[in-house]
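Each chain is listed here by its residues.
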Amino acid sequence: MASGTETSGSGDVGRTLELLWDTGRRPSRGPKPGLTLERIVEAAVEVADRDGLGAVSMRRIATELGTGTMSLYRYVPGKAELLDLMLDRVQRPSEDPGDLGDGDWRSALEALGHATLALYRRHTWLLEVNQSRPILGPSALDGMEKVLARIKPMGLTDPELVSAIVLIDGYVVGAARTQVYQEEAERTSGLTDAQFWQAQEPVLVKAMTSGRYPVLASLSEDAFGTGFDHFDFGLQRILDGLEVLVAARRAADGPAAGGSATAEQPS
C-alpha cells in the first residue's frame with residue numbers, strides 16, 4: 001500500500017464546498033433514474049473499500065452504477081472533488097450519543113481513539129490520502145462539534161483542545177498503518193505472522209544464548225506475544241498525560257475554574 005498517493009483539497013475547492021453543503025445547483029433531470037450525488041459517492045466508497053483507492057475513477061464508478069461516464073460529470077466535476085466527498089461521507093458521525101463514552105472527557109477521547117481505529121480498519125484506503133489540508137464538510141464538522149462539546153470541561157485553551165484531538169488522531173493513524181501493513185505483508189508473502197517468526201526462531205535462539213543481548217534474553221516469553229494490547233496501552237498513556245495536564249491546570253486556576261472542587265467555607 002502506497003502512502004499519500006492522493007491529496008485532499010486538490011480539486012475545485014469552491015465547487016467541492018457547494019457539493020458538500022448542498023449550496024450549488026443540482027442537475028434539473030438526471031440521465032438515469034435513481035442516480036444521485038449520494039449514490040455516486042457511496043459507489044466510490046464501495047469500490048475503494050473493495051479494490052483500493054487506485055481503482056476509483058469516474059469511468060469505474062459509472063460502470064458500477066450502470067451509466068455513462070459523462071453522466072457523472074453532471075453531478076461532480078472529477079475524481080479530486082469526488083475524493084473529498086468520499087472523505088466526508090465516511091466521517092459521518094454516529095447518531096448514538098453513547099458512542100463517545102459515559103460522560104467525562106477521558107471516556108470521550110478514549111472512545112474517539114477506538115472509533116477512529118475502526119474507521120481506518122473499515123476504510124484502509126484512508127491511509128493513502130494526504131489529509132493535511134482537508135475540505136471541511138458537514139460530517140467532519142458534526143464529528144468535531146460532538147467531540148469538542150464533550151471535552152470542553154477539560155479546562156484547556158481552545159488550541160489545546162483541538163491539539164488533544166489531533167494528538168489522538170495522529171497516534172491512531174500510526175497504529176492503524178502498522179496493523180494494515182502487517183495484514184498486507186501476510187497476504188502478499190503467503191506466510192502467517194506465526195510462520196514468519198518461526199522461520200527466524202533458530203537464528204534468534206542462537207543470538208539470545210550468545211550473551212550479546214543480555215537484556216533481550218532476560219525478557220519473559222510473552223514480551224513479544226500477541227496477547228498484549230499495544231494500541232490500548234499507548235492510548236491510555238496519552239490519556240494519562242492529558243489527565244496530568246488537566247489536573248495541573250485546574251490546580252493553578254483554582255476551584256472555581258476546575259468546577260469540581262468544593263468551595264471553602266468561611267471560618
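To be clear, the structure that these remarks concern was listed above.
Note that the coordinates shown come from a computational prediction; the quantities given were computed from them, not determined experimentally.

*Asks:* Honestly, the packing of aromatic side chains in this entry has me stumped. Any pointers?
*Replies:* Aromatic rings in a pair are described by how distant their centres are and how their planes are angled relative to each other. On inspection of all chains with the given rule, the structure shows three aromatic pairs. Aromatic pair Phe196 and Trp197: ring centres 5.1 Å apart, planes at 80 degrees, arrangement edge-to-face. Residue classification places Trp197 among the partly exposed positions, given a relative accessible area of 45%. Where Phe228 meets Phe233, the ring centres are 5.6 Å apart and the plane angle is 55 degrees; that geometry is what we call tilted. The exposure class assigned to Phe228 is partly exposed, which follows from its relative accessible area of 44%. Judged by its relative accessible area of 44%, Phe233 falls in the partly exposed class. One Lys or Arg, Arg237, reaches over the ring of Phe233 and ends 4.9 Å from the middle of that ring.

*Asks:* Help me understand a nonpolar patch on the surface, please; the structure alone is not making it clear to me.
*Replies:* Where nonpolar side chains cluster on the molecular surface, the patch consists of Val13, Leu17, Trp21, Leu136 and Leu141 and spans about 410 Å² of accessible area. When residues of the nonpolar patch are assigned to their parent elements, the largest contribution, three residues, is made by helix H1 (residues 13-21). Of note, Leu17 is situated in helix H1. What makes Leu17 partly exposed here is its relative accessible area of 33%.

*Asks:* Explain helix H2 (residues 37-51) to me, please; I cannot follow it from the model alone.
*Replies:* Counting along an α-helix, one turn takes 3.6 residues, and residues three or four places apart therefore face a common direction. For H2, spanning 15 residues, the distance from its first C-alpha to its last is 21 Å, which sits close to the expected 21 Å at 1.5 Å a residue. Turning to H2, its buried residues are Ile40, Val41, Ala43, Ala44, Val45, Val47 and Ala48. Those residues of H2 that are buried are in contact with helix H3 (58-65), helix H4 (69-72) and helix H5 (79-90). Looking one or two residues past H2, Gly52 carries a phi angle of roughly 95 degrees, positive in sign.

*Asks:* Would you explain unusual backbone geometry in this entry?
*Replies:* Of all residues except glycine, most have a negative phi; of all peptide bonds, most are trans. Residue Asp22 is not a glycine yet carries a positive backbone phi of 55 degrees. With respect to the helices and strands, Asp22 occurs in the loop between H1 and H2. By relative accessible area, which is 46% here, Asp22 ends up partly exposed.

Thresholds, definitions, all that
Residues numbered from 1 in each chain as written. Predicted model: local features only at pLDDT ≥ 70, side-chain atom pairs only at ≥ 80, totals over all residues. Heavy atoms only, no water. Phe/Tyr/Trp six-rings, centres within 6.5 Å; stacked < 30°, edge-to-face > 60°. Buried < 20%, exposed > 50% of the residue type's maximum accessible area, 1.4 Å probe, protein only. Lys NZ or Arg CZ within 6 Å of the ring centre and 35° of its normal. Patch = residues over 30% accessible without salt bridge, like charges linked within 9 Å, V, L, I, M, F, W, Y side chains within 5 Å. Areas by Shrake-Rupley, 256 points an atom, 1.4 Å probe, with all protein chains shown as cover. Salt bridge = Lys/Arg side-chain N within 4 Å of Asp/Glu carboxyl O. Helix = DSSP H or I, 4+ residues; strand = E, 2+ residues; numbered from the N terminus. Expected span 1.5 Å × (residues − 1). Contact = heavy atoms within 4.5 Å.

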